[in-house]
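In case you want the letters, here they are:
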Amino acid sequence: MKPLDGIVVVSLEQAVAVPYATRLLADLGARVIKIERPGTGDFARQYDTSCGEVSSYFAWTNVGKESVVLDLKHPDGAAVVAELIARADVVLCNLSPGAARRLGFDADSVRARHRGLVVAELSSYGDGGPYSDRKAFDALIQSETGLVAATGDGPAMARAGISVADIAAGVQLHAAVLAALVRRGRTGEGATLRLTLMEALAEWMHQPALYAHGTGRAPERHGAHHPTIAPYGPFCCAGGATVHLAVQNDGQWRRLCGVVGRPELADAFPAVADRVTHRAALHAELQPYFDTVDADALLAALDAADVPAARTRGVAELPDHPQLAARDRWSAVPVPGGTVPMLRPPVDADSWTWDPAAVPALGEHTTAVLGWLGYPPDKIDDLRARSVI
């Protein structure tokens with residue numbers, strides 16, 4: 001038995017953040033009923049076509065869900081959603097706040113009708129404040145919270161290479177829903193949960209913000225090298241491959257100096273602050289040794305000396321990573337038009353397993369879900385004929 005077996009989640013969702021939260025709930029056994037618009041469905045389906053007929057974003061965030069197509073603006077479509085909500089344990093929504101209120105599916109309206117529900121809604125910036133009516137997407141939130149300014153090299157800023165604001169929001173929303181379900185199990189009371197993309201990523205920016213507050217300056221950009229620790233970043237080796245060092249304390253630093261055959265460097269750059277201040281000179285002292293050894297030999301020497309390091313790999317190499325392969329982390333998951341490799345959830349449990357269901361085609365489960373609600377076939381046919389479903 002999975003932890004969320006029997007829990008019904010209805011989600012008015014699109015894009016990445018809320019779909020990722022509900023994907024995590026589905027991984028734990030929840031039945032997730034995803035409401036999609038007629039014609040195109042969740043617009044994230046069309047971001048790219050790298051996974052059969054759907055995008056990589058959609059495939060990743062929609063494993064194991066049921067897709068129901070409904071025209072929410074049609075009274076009969078809205079009525080179906082209301083019936084689904086009445087059968088649900090959890091309702092999530094990342095429609096715009098105005099759209100959700102007009103449809104009557106905002107958190108306050110839903111909780112007023114169903115006090116025992118856990119209702120969660122995600123917005124860009126939340127109610128109140130000068131940004132309350134502004135739309136936002138992942139890269140814009142990265143800019144507003146300082147992540148873009150903290151990422152890059154020298155004068156060049158960079159967006160993080162993944163949708164980190166969406167992921168931050170999805171993870172935190174998922175955790176809050178689980179906490180609310182535990183509380184409901186103890187008290188019988190539902191909960192209203194509100195999260196903003198801005199505040200989700202601002203939470204993850206705490207450390208650099210505290211550094212800037214305490215020192216009066218933001219950490220400088222050093223590409224893939226750590227802004228406040230050195231040597232901590234990628235170094236090119238003979239043959240062109242790259243090894244990423246992560247030397248964080250005095251013992252590791254002294255052992256690295258032994259590996260490169262320069263023990264005197266340990267006292268020339270004795271503290272982390274010295275190594276950061278004189279980063280360029282430090283790198284210049286280390287690089288001649290790295291130029292003489294290939295990446296595999298260097299990693300073997302660093303491992304033997306207990307100096308933390310890793311290969312810098314391309315993301316296209318991830319499906320063939322030897323560690324993931326040895327631990328059998330990949331599963332083949334059906335998607336519309338094909339099959340793709342998906343990683344198992346990263347947390348292993350001894351009380352349940354992960355059995356991935358398919359990524360749904362648009363509207364694949366509409367008829368079955370309406371049947372579950374008690375709609376007879378002729379009523380379903382009538383809704384389809386009138387383009388409600």
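Notes on the structure follow. (Residues numbered from 1 in each chain as written. Predicted model: local features only at pLDDT ≥ 70, side-chain atom pairs only at ≥ 80, totals over all residues. Heavy atoms only, no water.)

### As for the packing of aromatic side chains
Right, so step 1: Applying the stated rule across the entire model yields seven aromatic pairs.
Right, so step 2: Ring plane angle 85° and centroid distance 5.0 Å describe the contact between tyrosine 125 and tyrosine 131, whose orientation is recorded as edge-to-face.
Right, so step 3: Owing to a relative accessible area of 9%, tyrosine 125 belongs among the buried residues under this scheme.
Right, so step 4: Ring-pair connections join several aromatic residues into one group, and the members of that group are Phe43, Tyr47 and Tyr57.
Right, so step 5: The aromatic ring of tryptophan 372 is capped on one face by arginine 31, whose charged end is 4.3 Å from the ring centroid.
Right, so step 6: The ring of tyrosine 131 carries arginine 134 above its face, with NZ or CZ at 4.2 Å from the centroid. (Phe/Tyr/Trp six-rings, centres within 6.5 Å; stacked < 30°, edge-to-face > 60°. Buried < 20%, exposed > 50% of the residue type's maximum accessible area, 1.4 Å probe, protein only. Lys NZ or Arg CZ within 6 Å of the ring centre and 35° of its normal.)

### Concerning the pattern of salt bridges
Right, so step 1: Scanning the entire structure with this criterion turns up 22 salt bridges.
Right, so step 2: For aspartate 267, the salt bridge identified is with arginine 254, shortest N-O distance 2.9 Å. Separated by 13 residues along the polypeptide, aspartate 267 in helix α12 (residues 265–268) and arginine 254 in helix α11 (residues 250–259) bring together distant segments of the chain.
Right, so step 3: With a relative accessible area of 55%, aspartate 267 lands in the exposed category.
Right, so step 4: The class of arginine 254 is partly exposed, set by a relative accessible area of 38%.
Right, so step 5: One salt bridge in this structure joins aspartate 348 and arginine 329, with 2.9 Å as the shortest N-O distance. Taken as a pair, aspartate 348 in the loop between β13 (338–343) and α17 (366–372) and arginine 329 in the loop between α16 (322–326) and β12 (330–335) lie far apart in primary sequence, 19 residues in all.
Right, so step 6: In the salt-bridge network here, residues are joined through shared partners; they are Glu13, Lys34, Asp42 and Lys65. (Salt bridge = Lys/Arg side-chain N within 4 Å of Asp/Glu carboxyl O. Helix = DSSP H or I, 4+ residues; strand = E, 2+ residues; numbered from the N terminus.)

### Some points on unusual backbone geometry
Right, so step 1: Note that the residue after alanine 230, namely proline 231, is joined by a cis bond; omega there is -10°.
Right, so step 2: Unlike most non-glycine residues, aspartate 306 shows phi in positive territory, near 60°.
Right, so step 3: Of the residues examined, aspartate 306 reaches a relative accessible area of 53% and is grouped as exposed.
Right, so step 4: Positive phi, normally seen in glycine, also occurs at aspartate 328, with a value near 55°.
Right, so step 5: Here aspartate 328 is to be found in the loop between α16 and β12.
Right, so step 6: For aspartate 328, a relative accessible area of 51% gives the class exposed.

### Overview of a positive patch on the surface
Right, so step 1: Taken together, the side chains of Arg37, Lys73, Arg101 and Arg102 define a basic patch exposed on the protein surface.
Right, so step 2: As for its placement among the helices and strands, arginine 102 is situated in helix α4 (residues 97–103).
Right, so step 3: Given a relative accessible area of 70%, arginine 102 falls into the exposed group. (Patch = residues over 30% accessible without salt bridge, like charges linked within 9 Å, V, L, I, M, F, W, Y side chains within 5 Å. Areas by Shrake-Rupley, 256 points an atom, 1.4 Å probe, with all protein chains shown as cover. Lys, Arg positive; Asp, Glu negative; His and termini not counted. Charge placed at Lys NZ, Arg CZ, Asp CG, Glu CD.)

### Some words on the packing of helix α8 (residues 164–187) against helix α9 (residues 197–204)
Right, so step 1: Two numbers describe how α8 lies on α9: the axes approach to 8 Å, and their chain directions differ by 95°. Taken together, the axis directions place α8 and α9 in an arrangement best described as roughly perpendicular. Residues Val164, Ala165, Asp166, Ile167, Ala168, Ala169 and Gln172 of α8 pack against Leu197, Ala200, Leu201, Glu203 and Trp204 of α9.
Right, so step 2: Within the contact of α8 with α9, the residues separate by chemical class into nine nonpolar, one polar and two charged. (Axes fitted to C-alpha atoms, helices over the stretch in contact; angles between N-to-C directions. Parallel < 35°, antiparallel > 145°, perpendicular 65-115°, else oblique. Contact = heavy atoms within 4.5 Å. Nonpolar A, V, L, I, M, F, W, Y, C, P; charged D, E, K, R; others polar.)

### As for the sheet that holds strand β9 (residues 232–236)
Right, so step 1: Here three strands make up an open sheet; going across it, the order is β9-β10-β11 and the pairing antiparallel. Two strands bound the open sheet, and with one partner strand each, they are β9 and β11 (309–311). Within this sheet the neighbouring strands show an average axis-to-axis angle of 25°, counted without direction.
Right, so step 2: The pairing of β9 with strand β10 (residues 242–246) spans five bridges and is classified as antiparallel. Residue pairing across strands places phenylalanine 235 opposite valine 243, the latter belonging to β10. (Pairing = 2+ DSSP bridges.)

### Some words on the nonpolar core
Nonpolar side chains in soluble globular proteins generally cluster together in the buried interior.
Right, so step 1: Residues Val9, Val90, Leu92 and Val177 are the most contacted members of the largest nonpolar core, which totals 36 residues.
Right, so step 2: Looking at this core, the elements that each hand over two or more residues are α1 (17–27), β4 (90–93), β5 (118–123), α8, β8 (191–196) and α9.
Right, so step 3: Examining the composition of this core, we find that eight residues originate from one element, α8, more than from any other.
Right, so step 4: Contact partners of valine 177, with chain neighbours within four places excluded, come to Leu25, Val90, Leu92, Ala120 and Leu193.
Right, so step 5: Ile33, Val68, Leu95 and Val110 belong to the second largest nonpolar core, which has 31 residues in total. (Core = buried A, V, L, I, M, F, W, Y, C linked by side-chain atoms within 4.5 Å.)

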